[in-house]
Structures are given as structure tokens and as C-alpha cells.
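Breakdown of the fold
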Amino acid sequence: MVVSMDFLRPASLAEALELKAANPDAVPIAGGTDVMVELNFDKRRPAALLDLGRVPELATWRAENGRVRLGATVPYTRIVDELGDVLPGLAMAARTVGSPQIRNRAGVGGNLGSASPAGDAHPPLLATGADVEVASTRGTRTVPIGEFFLGPKRSALAADELVTAVLVPVAAGPQQFAKVGTRNAMVIAVCSFGLALDTTRRTVGTGIGSAGPVPLRAAAAEDFAAEVLPWDEPAANTLTDDTAKEFGELVAAAARPIDDVRGSAAYRRHALAVLARRTLRWAWQDVSGR
Amino acid sequence: MSRATTESLTATGGGRVGDSPQRPDGNLKVRGEFAYSSDLWHEDMLWGATLRSPHPHARIRGLDVGPALAVPGVYAVLTHSDVPGENLYGLEHPDQPVLAGDVVRYQGEPVAIVAADHPETARRAAARVRVDYEVLEPVTDAETALRADAPVLHPTNPDGNLVRHVRIRHGDPAPAADVVVSGEYTVGMQDQAFLGPESGLAVPAEDGGVDLYVATQWLHADQRQVARALGLPAERVRLHLAGVGGAFGAREDLSMQVHACMLALRTGKPVKIVYGREESFFGHVHRHPAVLRYEHGATRDGDLVYVRAEMILDGGAYASTTAAVTGNAATLGAGPYRVPNVHVDCYGVYTNNPPCGAMRGFGAVQACFAYESQMDKLAAALGMSEVDVRVRNAVEQGSVMPTGQVVDSAAPVAELLALVRDRPMPPAPSAPYDLRELPGGVSNTTHGEGVVRGVGYGVGVKNVGFSEGFDDYSTARVRLEVVGGEPVASVHTAAAEVGQGLVTLKAQIARTELGVERVVILPPDTSVGSAGSSSASRQSYVTGGAVRAACEEVRAAVLARAGAGAGLAGGKVVSAGGDVLADLVEVLGGEPVERTVEWRHRPTEALDPSTGKGFAHVQYAFAAHRAVVDVDVELGLVRVVELACAQDVGRAMNPDAVLGQIQGGSAQGLGLAVMEEIQVVDGVVRNPSFTDYLIPTVLDMPTMPIDVLEYADPHAPYGLRGVGEPPTLSSTPAIVAAIRAATGRALTRAPVRPEHIVG
């Protein structure tokens, strides 16, 4: 009666893709942040687990064409230690993931693969306009992050595909990430917010976590901020309270939160407005060199 | 058995009463090598699993175990009709079925059990048992449950859904006061959140009985209830303590004990049951959620004139220890204050919510949150400082409690408050900020914006030991003999080591009383008499008292054999002046001295049912806290910056262990203040996991400056006072008061959630 579960351990990306093509129900596992919780609670019983821990191609990052190609299993600890300068928003988010043990094992690929609205990596990827690289034996394609999330825990990933990397533009300005949880460490987001300013192109990117069926961008807030920020006079005091407040309200308006066990919809909207206001101010202080 | 359960622990490195010897199990636990009950193993053992009700209230119209029995690898599938003895158990009165018969009264109630050759086979087979439920409307509000028209959940209970109503009537029934403050407070359902889930191993014996290796708090209470359910005499149900991964009250009630024994006796094979984390949330009782309505009256000068209180404790589906919890909340409900007129009505109630029972603080926690919130309100109404109004009314030795009981040992409440008040304040956060020192931590929610500091105080009173006339005793067997040319003492009790350090303390007492270095602590089991429960802050007092008394008898026998001497020290018989008279090894020779002593603390009395009068508590214990918090008032996030505590422990038997208890108890109080709550909606638990039931991490628990006072209680062994519970009482109201001070919000509910702060 024991339902056996295969544990597939490819040693290369090519082998991993072949195994995934042959076993489309196999659930990829790297850090196990989400997968192990579902297994432990008996909410999921896949026929096979596909362990990506031995696939060297997934565990590296490199800079290419103004972007960082970040392998799906590069652990959050390395993102914090090695990418804080070029991907500051993602590094800040990485610092809030789980516990030290989880950060030593888990990477961005798992966040994307499970496509939870609460994934900590998602807001900075949205804010920076990253692309998700997915691969199968049919080939490799990239999916813009804004098109990757289709619904709660549903993504654009086909059954035979694996997330192999994210392509994240190197920061062209200050970035921020902030997350609300009801304890001061090791907590799933009640809501979170990522912000990326591009001082060259004079654009603003946003990402909202845990406040909608999917991670969201706040397009109206982005357009508003890009329009009204005094890019030509980047002194700290040139960001007015009214601008920060309006930005916060537009971010809150873009959220589609629900009441759940972690917090109320009303609180999430309120908190997002505060986070957006504060992070915009911090980012602008960085633009102005403080 | 191929793996040790509870090893005989030989404490090394010396250590008498007042020392802090290293725990014999400490390194094993830190290295992950300690054998907990979930690590038990036996050749050919089967695994048990439990089918539980998904409904908080339903009638069982039919049960079909056929599909489960058909699963290959399954050895037995048992239901209520297979319970060999009486299908009822309970700590105070038996009202809880071992397996539900015609009705289920809470979500998670056990309905059927399965033994199989693999744990997963057992779980999957259990899921195949067909249960035909007629879902009934659950009774989920305790006050609604008390109404005359509420469905009665236990038809045999003469008082409907009322488990117990305790009345305290003290002084003038209609007092008048210059200043009156009132409030309604609520306390959410806290979980003990021990880390080692319920687990044990039942091994069938040749005599038709069973040996049960289990993590529990009270072996003999388990034995009594298990034997009754199995229809066996107690001597054929032998219990052995397995490694306990935390308790805090949650192991006082039975969980898998009877189930494993039933499956073992039916299959003739050893059966192990280990709950998963989610199942564990349904496998033990929780802290009673409470609604508490208080009115305090005082003179203009700040002297308390009266306290009126109505408290409703939601006991959930079964009684467990609700009656005793109700007694505690009522008798301690006015707090550590001199109040001439007290009127308390405290109700423990049946509902279809998860059963609630023992948890560290045991009724005194809920009351303390309410009366301390009231004291702050009174201070504000009087224009006095929170500490001054408490000090002015603080009990002291000789004060009369609302039960009429005179406090007959030290009660340094005013001193405890002054100690925490006079501590230097921690510095305010300043730029450049370390995120870890701000509310929200590394989640980067503030760089100082919106952060407001608040300070709050709390003080509480807890009874030590079992109260209200309970025959509270412990048994110790102490043996002194020569082993390998050295005198060795062995100590055998049935007292459960649940992490508190009794294993060390028993050896310290034996060394102190018998003057030997080598002490062997034998594994607790039911081959020695009951030690009572490892709860109510009582084991150092009661089992400590029993070990000392047994040592004293052994010593007297040795001295009689020596024909001379006044004491034992350094392995010698010595005179009153300390002169060596004989060598203990020679006096003992080949003939060990062994004594078994049943030791009782002085008796307590039942409460008068109409007035609540009586000498109900053997000892009172007090702790005070000052909490300093930083609150992000815009986001409602809290960081407790410092939690100072002062506590009188009578005698610090093991100073390191005392500090550990104060830190741990305070952390559990912090959890209740700002995060810990089992959320129950319509009788259904919404967060049965550590993903969403949050307990404090190392980044949530601040540094704790601690003052330990040692005012000996002349009635207690070595003058000691129970330590484990008082810090759990006062840290919660101190922290919530500090959050109120920072935010100006009323905050009448614990735990405080961010929504309550940003409103």
C-alpha cells in the first residue's frame, strides 16, 4: 500500500531535462522550502521528485549583456553574499527568506516553480523586469516575469519544463525590498514590496507580494513616480510628502489582497502604502547620495 | 529492545544543592544524539495511525473499516467497539472517549486506529475507513454555550455545558469607591508548542499486559487511565518514561497511549505511534481562551477597595483540567494585591472547540493579563505611576488573599517591582540603524520611521503544587551501596524529566544529604510509586522533598549501623563537629541501605462552594517584569527590546536552571503577547503548523536582565519556591502595557496583532 515515490537525481542539465520530459509529473526539488512542507502535510504526493541539487549548470551565476544570469539553484546565501551590489533588491529579499538553513539550500528557481504569491524573490524580479529562462528537451525560452505568474501557484511553466535561470538586469539605480511579517525573522510575508529605480532611463519598477492571487506590479504607481520624481534635482528634500503618499496609495490600490490566517486585506493595503512610501523615500535618498 | 529509551543518567562533575552542575543529557540534546520518544525502535514493530474527525460536531451514523483492513500490510483497524475496558478517560473526571462512539465533539477527535507494517501504510489505510457523519451545528462560543437553549454537549453532565463555576465572595458585597475602572479583556488560544511530537511504543508482554514507553508528564496518571481503558489491572500496564521533547502541560492528558496499547495487545506486536506536526496540534489540549470582565474600585489615594470579575474560560469539547484551571483563575483573580472586597465568578465551559487544559500558568495567565491591564488603567485614572499603584497595594507576608488564606511566607512583591523599575533603561535605537534592532528586523520595514518606544510593567501570583485539597505527594526510593569500592547512591522516582532539570536536581540532593560523589539517577517508571505530575511548578518541591526525605532515612539507617556519627560527608561518617568517625564503604560493606518514602506537602483545603474560602494553595510564587518595546506604530510591528524580570525563588537549588526557567517562561509569555494564537473559526483550526502558528525566534526574544531573590519558605524543602510558571504570567501584560504606552491604543486582547495597533 505504500505508494512509492521515485527520487530522480540527474547529474547534468541535459539529464534533468530528459528526466523531466519522461516524467512530467516529477516535482523538481532544490531547497525544498515549499515542496517539503507540502509533502510533510500530505498535501501533495508526487510520483517522483527530481533533485536538482547535483546539476552544476543551475548552481552558477554570471554577468552577461548588462544582466545577471542567475542559476535556479544558486542559494539565497550566495545571492546575499555575492550579488548585493548588482542585484540589491533581490539580495535584500534573499536576506528575509526563511532561516539560515533554508537560505543555504534554497534558490530563486523554487520560488518561481511553486509560483506562490508569497515568494520573497518575486517582488524584486517584477520590479526589475527580469526574464525567466525555462528549458526542456524541446529547447530554451525566456518568459518575461510579468507573464510568468498565471494564478495562485500556477505559472507559465509547461509540464516538461524546468526553470533554469532568471535574467535580472544589473541595477541602474537604487533598489529596495521590505516585507511585513508578524515576527522579526523566519516568517512568511503578510505582504511585501519591491522597488527599483532606473536613474538612466528614469523609470520606476514595482513588485507586490502576498497581496493578490499572483505577485503584482503597480503600473499606475510606476508611471506616476516616473513622471513626478524630480530626476533633474535629485536631492533628498525634493521628494515631497505628497508624492510619497500618492505613490503609496497607488501601490495599495494595485493590490488585490484577501483576509486570511496571516492578516486582513485592509491591513495588507494599509501596510503596502506605508512600505511603498518608505521605500521610495529610501531609494530617493540613495539617488541623491543622502 | 535495540535502542535505549531513557538511559540511566549518571551525573558527573559533582554538584550539591546550590550548585549548577552540567546536565547529563545536555550535550546529547545539543548534538542531536538524545533518544526522544519519537526515536524508539523495536524489532518487528508495527506503526500506528489515527483517523480523526474533520468535523467539530457530528453524529457518527456508521463506520466501515473494511476498506482499511483490505490494505496489504495492515494488521488491525480498531474503533470504539474494540476498546477492551471503559471507553472513557480524563484527568479530573472521565468524559472523553478513547475512540469516538456515536458522536464527535471536536475537529481532530480520534475515531479509528490502524496498525500496519509501515507508517505510511497505516496513514493511508486509516484514510480508507468509511465514516458516515451527520454534521451537527457546533457550539463554538463559550457564553452561548451557557445559555439555557444551547445544545448540551455532554448529556450526562448535570450542569449542562458548565464544567465548573467558582465563586469568590470576600468582604463587603456592595463596596463603594472613589475611582472605578472597568474593562473587558480576551486571551486567545495559546499552544504549548513543544518540539517533540506525541509519541510512544507499546510492547505486549507475556503476562497479557503491556509495557508502554512514552513521553509524558505523569506516568501514574497515564497508567491509571490506560489500565481502565484496557480493562487491565494497573500492575499489568507498566509505563516507562521515554525521552521527552518539551511538555508545558500538553502531555498531562493522554494522546496515543491507549491507542498504541490497544493495537499492541490486538496484534501481539510492538506498536509505535508518532504524531506529525500538524496532527500534534490536534493531539493535545491548549491554553483556555478567555473573556474576562473586570471592575476595580480604589480610593482617591490609590488604595484598592474592591475587585469584581467575571471570567469565562472555553474548555472545549472535554473537561481535561478545566475545573482546576477555573479554580486557579478565580482564586488568583485579584492578583498579588491586598483587596478587602472581592467578588469573582469564574466559569469553565464545554464547547465544540479544541479541548483546553493544562498549560504553563494554568488559569493564572489569563487572569493576570486582565488584572494587570486593569492596574494600568487604574494608575491612569488616579494620575499615579503604574509601579506606585502596584507597590501601594502589593501583598506581603501576612496579607489575606480573597480566599481568606493568609500568605504565610515571603511575598516580596513590592521589592520585585522596584527591582525591575530601577534597572537602567536600554538605549534607544539611533542611526546608523542595525535592522536587527528595529521592529521588522531584516525584513527592512523601517529605518526608524514610525518607531515609538514604550515601557510597561507586570506582576503576577501563581500557586505552586496541586491545590484545593488534592492529595499531592511524591515517592522516592534511595539506595546507598558500595560499587567498585566507592559509595554510590541511586535515586529512583517516577517523576518525569521534561527538560526542566529534575534529573540534575535529584542528584544534587542525594550528594548533599548523603555526602557521596557518585549518584545514579534511574529511569522513571511505574515500578516505583507515583511522583505526581511534572507540572504546577511542583517537582523540585514535592519530588525534591521526597528524595530528601528518603535520603534522610537512608542516612539515619547508616548512622545507626555505624553506631556513631551525626552526618555523612566526603564518603565518611562524621561527628557533629565534622570529625571523621568511619569510612562509609566499611560501614556499608556488602549490605546496601535502601528506603522508599512517600512524601507530602502540608495539606490544602477544598474551596467553600458558595464563598470560595479555604486554604487552597500550599505556596504562592511571584515574579515581576518590565518590558521595553519599540513599536512601528504605522505598521503595527513590535520589537521587544528588553524584558527585565525579578523573581523570588526561595532557594536557587540550581541557579543556572532557575535562569533557564525564567528565560523560557518569559519567552512563552512574549509569544502570547505578540504572536502565538491557534486561530479557530467555527470550531475549525486554521493554522495547525509552525508555518502559521508562530513562536518567538532568537531575533524576537530580547536580552533579559534577571534578579533572583532567595527568601526561604520555611514550609518548603530547602526553603525553595516553585520557579517554572510565574515568569509566564507577568511577561505578557508587561509587554502589552508597553505597546499601549507606545501607541495609545487600548489593546484589550492578547496576542496583539498588527491590525490592532494600526486599527
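Definitions and limits used
- Residues numbered from 1 in each chain as written.
- Chains lettered and ligands numbered in written order.
- Predicted model: local features only at pLDDT ≥ 70, side-chain atom pairs only at ≥ 80, totals over all residues.
- Heavy atoms only, no water.
- Helix = DSSP H or I, 4+ residues; strand = E, 2+ residues; numbered from the N terminus.
- Rg over C-alpha atoms; globule rule 2.2 N^0.38 Å.
- Areas by Shrake-Rupley, 256 points an atom, 1.4 Å probe, with all protein chains shown as cover.
- Lys, Arg positive; Asp, Glu negative; His and termini not counted.
- Charge placed at Lys NZ, Arg CZ, Asp CG, Glu CD.
- Buried < 20%, exposed > 50% of the residue type's maximum accessible area, 1.4 Å probe, protein only.
- Pairing = 2+ DSSP bridges.
- Axes fitted to C-alpha atoms, helices over the stretch in contact; angles between N-to-C directions.
- Contact = heavy atoms within 4.5 Å.
- Phe/Tyr/Trp six-rings, centres within 6.5 Å; stacked < 30°, edge-to-face > 60°.
- Lys NZ or Arg CZ within 6 Å of the ring centre and 35° of its normal.
- UniProt positions renumbered as here; feature names shortened; annotations may be inferred.

**Quick notes on the overall build of chain B**
What chain B contains, in helices and strands, is 17 helices and 30 strands. On C-alpha atoms alone, chain B measures out to a radius of gyration of 26 Å, which is about the 27 Å that the 2.2 N^0.38 rule sets for 759 residues. For chain B, the accessible area works out to roughly 25,000 Å², and carbon and sulfur atoms hold 50% of it. Each charge sign in chain B was given a centre, from 63 positive and 89 negative side chains, and these centres are 1 Å apart.

**Brief notes about the pairing of strand S6 (residues 110-116) of chain B**
Residues and elements named next belong to chain B. Burial analysis of S6 places seven of its seven residues in the buried class, which makes it a mostly covered element. Relative to S6, strand S2 (residues 46-52) is paired through six bridges, and the arrangement is antiparallel. What sits directly across from Ala49, in S6, is Val114. With four bridges joining them, strand S4 (residues 74-78) and S6 adopt antiparallel strand pairing. In the sheet register, Leu78 faces S6, and the bridge partner there is Ile113.

**Side note on the sheet that holds strand S11 (residues 175-180) of chain A**
All names here are of chain A. Taken in spatial order, the three strands line up as S11-S12-S13 in an open sheet, and their pairing is antiparallel. In this open sheet, the two edge strands, each paired with only one partner strand, are S11 and strand S13 (203-209). Averaged over neighbouring strand pairs, the angle between their axes works out to 10° when direction is ignored. Direction of pairing for S11 relative to strand S12 (residues 191-198): antiparallel, over a ladder of six bridges. Paired with Phe177 across the bridge in S12 is Gly194. Against the sheet, helix H10 (residues 241-254) contacts S12 and S13, and its axis sits at roughly 45° relative to S13.

**Brief notes about the environment of Trp47(B)**
Residues and elements named next belong to chain B. With respect to the secondary-structure elements, Trp47 resides in strand S2. Considered as a pair, Trp47 and Ala116 are 69 residues apart in the sequence and their alpha carbons are 5.4 Å apart. Among residues more than four places away in sequence, those in contact with Trp47 are Trp41, Val114, Ala115, Ala116, Asp117, His118, Pro119, Ala122, Val271, Lys272 and Val274.

**Let's talk about the packing of aromatic side chains**
Tallied over the full model, the rule gives 13 aromatic pairs over all chains. Taking 5.7 Å as the distance between ring centres and 75° as the angle between the ring planes, the aromatic pair formed by Trp231(A) and Trp284(A) counts as edge-to-face. Of this pair, Trp231(A) sits in the loop between helix H9 (219-228) and H10 while Trp284(A) sits in helix H11 (residues 265-287), placing them 53 residues apart in sequence. On the accessibility criterion, Trp231(A) (11% relative accessible area) is buried. Centroid distance Trp218(B) to Phe466(B): 5.8 Å. Interplanar angle 80°. Geometry classified as edge-to-face. Taken together, the positions of Trp218(B) in the loop between strand S11 (210-214) and helix H5 (219-230) and Phe466(B) in the loop between strand S17 (451-464) and strand S18 (473-483) put the pair 248 residues apart, joining distant regions of the chain. Judged by relative accessible area, Phe466(B) falls into the buried class, the value being 17%. Members of the aromatic cluster, each reached through a chain of ring pairs, are Trp218(B), Phe466(B) and Phe470(B). Residue placement shows Lys29(B) over the ring face of Phe34(B); its charged tip is 4.8 Å from the ring centre. One residue, Arg251(B), lies across the ring of Phe194(B), its end atom 3.9 Å from the ring centre.

**Points about the UniProt feature "domain: Aldehyde oxidase/xanthine dehydrogenase a/b hammerhead" (unreviewed entry) in chain B**
Residues given the UniProt feature "domain: Aldehyde oxidase/xanthine dehydrogenase a/b hammerhead" (unreviewed entry) here are residues 31-137 of chain B. Taken end to end, residues 31-137 of chain B comprises 14% helix and 32% strand; its first and last C-alpha atoms sit 49 Å apart.

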